[in-house]
Amino acid sequence: HQGLAATGRIDWYHGGYEYFNRELEYARKMGVALDSTLADNYYKLGAEFIDRAIAFGNTNLGIYGMVNHPNITVDTTADLPAGGGWTADTGANILTDLLYMIDTIETDTNEAYAATDLWIAQSLKSVLQTKFVTVGTDVVAVLDRVKQLRPGINIQFWNALNLANSTSNGPRAIAYQR
């Protein structure tokens, strides 16, 4: 798709709720807390929809996401199969995988670009918090060690990556430059 750009409308979710300024002001003066459950639920639904659009795009419209874009190189050696992968691996191997992902961008571009973000499947968060590496005489969680070694990288955990490996049955992690 070099030289081509595809755009499409992303529909927004909304519900039958609204508060007007007068209602908000009146409720504030009366000390009444307005129920924001519907607004919160629709906000979360909208945020999840946007996350899916970023991750997977809309191929019917020719819009690709980070997970399925044809110009994004995917290293499947680190694919994390359902029920396996990092869950059964050592902290040292997981740390090596994550640093490799982060450093590959810089290496592959002859240091023209560097990773700024690391997005990891939400289902792997506890794995990275409970797998450890030894640093001198200290034992450190893999997640904390990545933050120590690459302090500028933004690490996010994302539900959209839980079933986003190359066979769509296991988690994925993505390193990229914003």
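The structure this text deals with has already been given above.
Residues numbered from 1 in each chain as written. Predicted model: local features only at pLDDT ≥ 70, side-chain atom pairs only at ≥ 80, totals over all residues. Heavy atoms only, no water.

Draft legend 1. Representation of the environment of Ile-155 in the model. With respect to the helices, strands and loops of the structure, Ile-155 is situated in strand β6 (residues 154-158). A relative accessible area of 16% places Ile-155 in the buried class. Distance in space between the C-alpha atoms of Ile-155 and Leu-143 is 9.1 Å, their sequence separation being 12 residues. Apart from residues no more than four positions distant in its own chain, Ile-155 is found in contact with Leu-118, Ile-120, Leu-143, Val-146 and Lys-147. (Helix = DSSP H or I, 4+ residues; strand = E, 2+ residues; numbered from the N terminus. Buried < 20%, exposed > 50% of the residue type's maximum accessible area, 1.4 Å probe, protein only. Contact = heavy atoms within 4.5 Å.)

Draft legend 2. Quick look at the side chain of Asp-117. In this structure, Asp-117 sits in strand β3 (residues 117-121). Asp-117 sits in the buried class, given a relative accessible area of 2%. Looking at Asp-117, its side chain comes within polar contact range of the side chain of Thr-116, at 2.7 Å. Residues in contact with Asp-117, not counting those within four places in the same chain, are Ile-153, Asn-154, Ile-174, Ala-175, Tyr-176 and Arg-178. (Polar contact = N/O pair within 3.5 Å; in protein donor to acceptor, adjacent residues only side chain to side chain.)

Draft legend 3. Geometry of the pairing of strand β5 (residues 138-141). Summarising the sheet, strand β4 (residues 132-135) and β5 pair through 4 bridges and their orientation is antiparallel. When the bridges of β5 are listed, Val-133 appears paired with Val-140. Counted between consecutive antiparallel strands, the loop separating β4 from β5 contains 2 residues, among which Gly-136 sits at a positive phi close to 65°. (Pairing = 2+ DSSP bridges.)

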